[in-house]
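Report on the structure
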Amino acid sequence: MTLAQTQPQALEFDCDTGNYHTFCPISCVAWLYQKIEDSFFLVIGTKTCGYFLQNAMGVMIFAEPRYAMAELEEADISAQLNDYEELKRLCEGIKRDRNPSVIVWIGTCTTEIIKMDLEGLAPKLEQEIGIPIVVARANGLDYAFTQGEDTVLAAMAHRCPTADQVTSAEEKAERNSIQKLLSFGRKKEDVAAEESEYHDHPPLVLFGSVPDPIVTQITLELKKQGIRVDGWLPAKRYTELPVIDEGYYVAGINPFLSRTATTLMRRRKCKLIGAPFPIGPDGTRAWVEKICSVFGIEPQGLEEREAKIWESVEDYLEIIRGKSVYFMGDNLLEISLARFLTRCGMTVQEIGIPYMDKRYQAAELALLEKTCNEMGAPLPKITEKPDNYNQLQRIQELCPDLVITGMAHANPLEARGISTKWSVEFTFAQIHGFTNARDILELVTRPLRRNDSLKDLGWEKLVKEEAKV
Ligand code: SF4
């Protein structure tokens with residue numbers, strides 16, 4: 001039982017050793033090659049990277065994925081082989097077999113350490129083979145897990161055309177595929193009538209890779225407010241990357257896209273709408289409201305919409321209300337999820353997070369603070385670059401009802417009677433928008449429901465002697 005705070009407090013930030021488990025950022029190829037249908041990802045690394053991808057991607061590797069490893073050999077490392085010739089040979093092979101519209105080179109730890117100049121090689125090779133080559137340094141030295149997507153999207157932001165570059169009507173339609181999709185199969189008059197329902201506002205491009213159903217849901221959500229989405233980065237195909245001109249407004253859909261946001265602001269001269277992220281009904285409402293306020297639009301019916309969603313998930317809320325949750329931290333979604341779970345009535349004991357961009361996440365942090373104060377919940381400590389060893393000691397002391405963690409600690413913690421949820425599932429599940437709040441709660445409550453139905457068996461603690469860590 002925690003007492004309601006009478007005085008609003010400020011969030012406390014801490015930074016530990018960075019000794020924690022997470023996926024390597026090259027894992028972003030797993031969802032990005034599926035999202036960008038005409039792409040091919042070439043990871044230039046060693047067997048270490050290959051083993052990781054092969055195992056982490058599970059059954060997907062049997063589906064002829066559009067990714068491959070360029071495995072560096074002894075002779076590459078000692079510069080006896082010519083990097084350019086080797087990459088040319090591989091890329092020509094990819095062009096012949098798959099004919100993609102873009103090849104994305106993923107730089108790894110090894111290419112960093114031997115200082116392979118991928119950015120320098122790419123433009124020359126691009127000219128020679130006639131396929132765009134985008135370079136992203138998604139390595140384990142600099143980044144964690146979902147930040148891999150950030151490096152790829154930041155590189156792609158440079159490739160979005162300006163309005164002057166897109167001249168033919170056909171290409172214009174292609175670059176605006178989301179509007180095309182919304183008016184698919186409709187009569188011309190209907191489409192024209194619908195166009196007039198939009199408010200007159202500057203162009204808006206959203207960034208962040210989410211599955212296509214979410215793209216449609218979010219676009220329709222904004223359409224209800226009379227806001228037109230002019231494009232998504234990334235689009236379904238590389239050739240459909242949206243037009244981005246100076247002065248366009250951009251809004252992020254995921255909390256880990258700070259480099260992409262910076263690139264769009266600094267290089268493409270866009271205006272960033274800093275909002276909480278559309279995760280959970282509270283976040284989605286705040287996100288839509290912020291975009292409306294930037295465009296001077298009065299939001300319509302959002303309050304009722306949010307209330308309806310909360311009502312529809314009451315069965316799940318009953319399970320978690322009053323329970324405590326601990327985020328070990330490995331995918332950067334933690335702040336948004338913690339804010340949502342606090343609103344659900346949970347107490348968040350600690351939020352571990354690999355990297356905290358206080359500027360990009362400012363609105364989300366403010367909403368977390370506000371939510372805690374409104375719910376009378378204590379403000380959680382945010383631990384950047386956590387140390388898993390220290391966290392396990394704290395978990396032992398705090399005995400949280402649920403620990404959100406990676407696979408390395410999940411089973412050992414379960415065996416010690418602590419319920420866990422595997423954090424990676426949040427990255428792959430559909431968690432954005434109003435309608436997917438149920439999916440998040442399904443994930444969060446699953447271990448609690450399972451352990452609840454098994455508790456009469458008396459098998460909660462399976463470790464005989466509590467190993468001292
Ligand atoms: S951490 Fe480095 S070496 Fe390991 S898989 Fe990632 S890129 Fe490869």
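Our subject is the structure that appears above.
Residues numbered from 1 in each chain as written. Predicted model: local features only at pLDDT ≥ 70, side-chain atom pairs only at ≥ 80, totals over all residues. Heavy atoms only, no water.

Turning to the pattern of salt bridges, a few remarks are in order. Under the defined criterion, the tally for this structure stands at 29 salt bridges. Its salt-bridge partner being Arg285, residue Glu306 comes within 2.8 Å of it at the nearest N-O pair. Within this pair, whereas Glu306 is found in helix α14 (residues 302–312), its partner Arg285 is found in helix α13 (residues 280–294), the two being separated by 21 residues in sequence. (Salt bridge = Lys/Arg side-chain N within 4 Å of Asp/Glu carboxyl O. Helix = DSSP H or I, 4+ residues; strand = E, 2+ residues; numbered from the N terminus.)

Space inside the largest pocket adds up to approximately 580 Å³. Around the largest pocket sit 22 residues that line it, and Ser419, Asn451, Asp452, Lys455 and Glu460 are the ones nearest its centre. Elements supplying a minimum of two residues to the lining of the largest pocket: α19 (407–415) and α21 (437–454). Partitioning the lining of the largest pocket into residue classes produces ten nonpolar, three polar and nine charged. As for the second largest pocket, its lining consists of 21 residues, of which Val135, Ala154, Ala155, His158 and Arg259 are closest to the centre. Residue assignment for the lining of the second largest pocket shows that the elements contributing at least two residues are α6 (118–129), β5 (133–136), α7 (147–157) and α12 (258–266). For the lining of the second largest pocket, the residue count by class is ten nonpolar, four polar and seven charged. (1 Å grid on protein atoms, 1.4 Å probe; cavity = no way out; pocket = protein on both sides within 12 Å on 5 of 7 lines; lining within 4 Å. Points joined across faces, edges and corners; volume = space filled by probe spheres on them. Nonpolar A, V, L, I, M, F, W, Y, C, P; charged D, E, K, R; others polar.)

Below, the discussion takes up the sheet that holds strand β9 (residues 271–272). Taking strand neighbours across the sheet as the criterion, the four strands line up as β7-β6-β8-β9 in an open arrangement whose pairing is parallel. Here the strands that pair on one side only, and so sit at the sheet edges, are β7 (231–233) and β9. (Pairing = 2+ DSSP bridges.)

On to the state of the cysteines. This model, assessed by the stated rule, comprises zero disulfides. Take Cys270: it sits in no disulfide, and the sulfur closest to it among the cysteines is that of Cys160, at 8.8 Å. In this structure Cys270 comes out as buried when scored by relative accessible area, which is 7%. (Disulfide = S-S within 2.5 Å. Buried < 20%, exposed > 50% of the residue type's maximum accessible area, 1.4 Å probe, protein only.)

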